[in-house]
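# Chains, contacts and geometry: an overview
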Amino acid sequence: MQYDTVIANGRWFDGTGAPSARRNLGLRDGRVATISPEPLDTAGADVIDATGQWVIPGIIDIHTHYDVEILCEPELSESLRHGVTTVLLGSCSLSTVYLDNVDAGDIFGRVEAIPRRHVIEHLDAARSWTNPAEYAAALDRRNLGPNVAAFIGHSDMRAATMGLDRATRKDVRPSAVELARMESMLNEALDEGFVGMSSQQLLFDKLDGEVCRSRTLPSTYAGPRELRRLNAILRRRNKILQSGPDIKNPLSVVSQLATSLGFGRPRLKTSLLSAADIKAIPPVIHLMDSLARVVKALGGDFRWQHLPVPFEVYADGISLVVFEEFGAGAAALHLQGELERNELMRDEDYRRWFREDYDKKFGPRVWHRDFFDAEIVACPDPSVVGKSFGQVGLDRGGLHPVDAFLDLVVQHGEQLRWRTTISNHRPQVLKKLAQSETVQMGFSDAGAHLRNMAFYNSGLRLLRHVHEAQRRGDPFMSVERAVHRLTGELGAWYGIEAGTLREGDRADVVVINPDKLDGSLDRYAEHPVASYGGLSRMVNRNDDTVTAVLVAGRFAFGAGQAAPTLGRQKFGRFLRAGQPSRSMTTVAQPAAGSC
């Protein structure tokens, strides 16, 4: 039997959680043709020697914001290089299927920190679609790197139906005709294989632009009737709701959890943002897990999305989304010009307001609001680099940390770069979350917040956490289970043909050197995004860890080098949700210490 590619002598994981084993894989016509303990005929085949390495299914990233980047740089190499072979678009109620191009700029620009002008520019250049069928076809015509699946965004449908201005007013409800139109839009998307609908109720995501600037996302204005009508379609068709509650309203969280339940109607598959060990409110993660277990026990099909690594963020000056969650921070970000912002931040009344918001340590929030836990990493004034804003305040005669921060922002603007860790800071809690059946591995936000964070390799970092624990003799999860959580578990739940590596499966394959699951995974670098005017993006560079990435059986990336044809030829495709070509049975999990 002849093969296009043979992967020889690797430790093979099939993505179901079954025990791994040394195997040889023969790939032909984009599929896994043979898996054998015996050597395969390599005549005419490309050979990848995987001796001493892991051969796993391509990783699935369930939460990205590549909706714009995929139009101009469809190879999505920053994810592909780290073993991600399938990405989901359309998260957080944001998609570009129906929305006007300028309105898309207003919705994506500030919420996801993707420069508004580039959103509009690339949609103007690329748009050839008016509906989901044409959108899916347009993506499939591009030279995709990874495979792509998609949610339809609630804010996309609402703004396209009502107009962005009316869709973001508290006193306006959609007419019967408008609501029917949104239902039709959702059905059209599901007909084309979209995995479901994403919505959002979080109130510190704010719009860009002029007309509706600083209003929250359109989906946050939807009333109970509108939500019930759209959710009813998802229930009936067994599709997925991805959403985020208003964290300042505990009833919103409970309501979203309860939405998953059936009780006389079909249950609703629900994926909620997000299970995080928030530094500001340590006990909340235990409450999240308990509530989700109750919902599961009552028959709901509910998952928290979870980033399995510390949530470390960087900021240039005050340009960071966490400032949107309180009034003084949002007021500064409302102003687009640096001169206006500086004038505001010099004002003593404004500073008093900011200090009051900062000193409120109780109540729901994401940011811990502790400038002693915020390290300056770059500044034209070298004397402050390596210090916290709190320490700078002490050095300057006992200034309040807020005043120290604002003084530096006014003086240096976006040349002041700093970092802090907001959540997922306790390794033991991360271990528990990694094992929890109420969470899914996701929430990378790949393609968004380009100057603020880089979690493109978060799947590899989970594998390192598991592998290191095994080598220490203190295992908390088997490698097989960890691979399953990043691949087959997600492919099955979202109903897409991805995540497993058995005979007949798509040949989306990653070869990993386990000896290089090391400290290099924690490092950040910067790389310009050509299509965004050369904007320097935070990225991960651990080129020795992933030795080969294949999409549909073709080598796409490996050892830090892209295939010459990546971006010039098509590797991935648009994956339509539905019954995968092969059913997946999850195998009983091996013991955590097994190999």
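Only a predicted model underlies this, so the values are computations on that prediction, with no experimental measurement involved. (Residues numbered from 1 in each chain as written. Predicted model: local features only at pLDDT ≥ 70, side-chain atom pairs only at ≥ 80, totals over all residues. Heavy atoms only, no water.)

## Focus on the UniProt feature "domain: Amidohydrolase" (unreviewed entry) in the chain
As recorded in UniProt, the sites labelled "domain: Amidohydrolase" (unreviewed entry) are residues 46-207. Secondary structure content for residues 46-207 is 43% helix and 17% strand, and the end C-alpha separation is 50 Å. (UniProt positions renumbered as here; feature names shortened; annotations may be inferred. Helix = DSSP H or I, 4+ residues; strand = E, 2+ residues; numbered from the N terminus.)

## Examining the confidence of the model for the chain
When pLDDT is averaged along the chain, the result is 95; 97% of the residues meet or exceed 70. Note on residues 581-595: pLDDT is under 50 here. Beyond four places in sequence and across chains, it has 45 contacts. (pLDDT = per-residue confidence, 0-100. Contact = heavy atoms within 4.5 Å.)

## Remarks on empty space enclosed by the protein
In the structure shown here, the tally under the stated rule is 3 cavities of 30 Å³ or more. The computed volume of the largest cavity comes to approximately 120 Å³. Lining the largest cavity are 15 residues; nearest its centre among them are I59, I60, D61, S458 and G459. Breaking the lining of the largest cavity down by element, the ones donating at least two residues are strand 6 (59-61) and helix 18 (458-472). Ranked by the residues each element gives to the lining of the largest cavity, the list is headed by strand 6, at 3 residues. Grouping the constituent residues of the lining of the largest cavity by class yields 10 nonpolar, 4 polar and 1 charged. (1 Å grid on protein atoms, 1.4 Å probe; cavity = no way out; pocket = protein on both sides within 12 Å on 5 of 7 lines; lining within 4 Å. Points joined across faces, edges and corners; volume = space filled by probe spheres on them. Nonpolar A, V, L, I, M, F, W, Y, C, P; charged D, E, K, R; others polar.)

## Examining the sheet that holds strand 14 (residues 375-378)
Strand order in the open sheet made by the 3 strands is 13-15-14, with antiparallel pairing throughout. A single partner strand is all that each edge strand has here, and the edge strands are strand 13 (311-316) and strand 14. In this sheet, adjacent strand axes meet at a mean angle of 35 degrees when their direction is disregarded. (Pairing = 2+ DSSP bridges. Axes fitted to C-alpha atoms, helices over the stretch in contact; angles between N-to-C directions.)

## Overview of the state of the cysteines
A full pass over the atoms with the stated rule returns 0 disulfides. Lacking any disulfide linkage, C72 is separated from the closest cysteine sulfur, that of C92, by 19 Å. (Disulfide = S-S within 2.5 Å.)

## Thoughts on the environment of G390
Following the sequence through the fold, G390 ends up in helix 15 (residues 389-395). Distance in space between the C-alpha atoms of G390 and V479 is 41 Å, their sequence separation being 89 residues. The contacts of G390, once residues within four sequence positions are left out, are F371, F372 and P401.

## A closer look at the pairing of strand 12 (residues 302-306)
Counting buried residues along strand 12, 5 of its 5 residues qualify, which places the element largely inside the surrounding structure. With burial as the criterion, each face of strand 12 is covered, one bearing F302, W304 and H306 and the other bearing R303 and Q305. Note that strand 11 (residues 269-272) and strand 12 share 3 bridges and pair parallel. Looking at the pairing, T270 lines up with F302 of strand 12. In the classification by handedness, the crossover that spans strand 11, the intervening helix 11 (residues 284-297) and the parallel strand 12 is right-handed. (Buried < 20%, exposed > 50% of the residue type's maximum accessible area, 1.4 Å probe, protein only. Right-handed = clockwise from strand over helix to strand, strands pointing away.)

## What to know about the nonpolar core
Among the nonpolar cores identified, the biggest contains 144 residues, and W304, F323, F354, F371 and F405 are the most heavily contacted of them. With 7 residues, the single largest contributor to this core is helix 16 (residues 401-412). Counting the residues that make up this core, at least three belong to each of domain 1 (59-310 + 431-444 + 475-497) and domain 2 (313-422). Other than its neighbours up to four places away in sequence, W304 contacts V253, L257, L272, L273, S274, A275, M288, D289, A292, T438, V439 and Q440. One finds L25, I35, L501 and A548 within the second-largest nonpolar core, a separate group that totals 15 residues. (Core = buried A, V, L, I, M, F, W, Y, C linked by side-chain atoms within 4.5 Å. Domains from an automatic or database assignment.)

## A few points about the pattern of salt bridges
Inspection of the entire model under this criterion finds 45 salt bridges. In this structure, E324 engages R110 in a salt bridge whose closest nitrogen and oxygen atoms are separated by 2.7 Å. Placement of the pair is E324 in the loop between strand 13 and helix 12 (327-334) and R110 in helix 3 (residues 101-111), with a sequence separation of 214 residues. Here the two residues E324 and R110 agree in accessibility, since each one is buried. The partner of D208 in a salt bridge is R213, and the shortest N-O contact between them spans 2.6 Å. A single network of salt bridges, built from pairs that share partners, joins E348, R351, R355, D403 and D407. (Salt bridge = Lys/Arg side-chain N within 4 Å of Asp/Glu carboxyl O.)

## A short note on the sheet that holds strand 10 (residues 240-243)
As summarised here, the arrangement of the 8 strands in space is 6-7-8-9-10-11-12-16, forming an open sheet in which the pairing is parallel. Because the sheet does not close on itself, it has two edges, and the strands there are strand 6 and strand 16 (439-441). Averaged over all adjacent pairs, the angle separating strand axes in this sheet is 30 degrees, with direction ignored. The sheet contact formed by strand 8 (residues 147-153) and strand 9 (residues 196-198) spans 3 bridges and is parallel. In the strand pairing of strand 9, F151 is matched with G196. Packing of helix 6 (residues 154-162) onto the sheet brings it into contact with strand 8 and strand 9, and relative to strand 8 it is tilted by some 50 degrees.

## Some words on the domain arrangement of the chain
Each assigned domain of the chain is listed here: domain 1 (59-310 + 431-444 + 475-497) and domain 2 (313-422). Residue-level contacts link 17 residues of domain 1 with 17 residues of domain 2. Both faces considered, domain 1 and domain 2 share a buried interface measuring about 1,500 Å² in area, 52% of it formed by carbon and sulfur atoms. Summed over the three residues of domain 1 that lose the most area to domain 2, namely F204, R213 and K279, the buried surface amounts to 37% of that side. The partner of K279 in a salt bridge is D373, with the nearest N and O atoms 2.8 Å apart. Between domain 1 and domain 2 we count 8 residue pairs in polar contact (both at pLDDT 80 or more) in total. Broken down by class, the residue content of the side of domain 1 that touches domain 2 amounts to 6 nonpolar, 2 polar and 9 charged. (Buried area = accessible area lost by both parts, 1.4 Å probe. Polar contact = N/O pair within 3.5 Å; in protein donor to acceptor, adjacent residues only side chain to side chain.)

## Comments concerning the packing of helix 12 against helix 14 (residues 348-359)
Closest axis-to-axis distance for the helix 12/helix 14 pair is 8 Å, and the angle between their directions is 130 degrees. The angle between helix 12 and helix 14 places the two elements in the oblique class. Residues G327, A328, G329, A331 and A332 of helix 12 lie in contact with helix 14, whose contacting residues are Y350, W353, F354 and D357. Of the residues that constitute the contact of helix 12 with helix 14, the class distribution is 6 nonpolar, 2 polar and 1 charged. (Parallel < 35°, antiparallel > 145°, perpendicular 65-115°, else oblique.)

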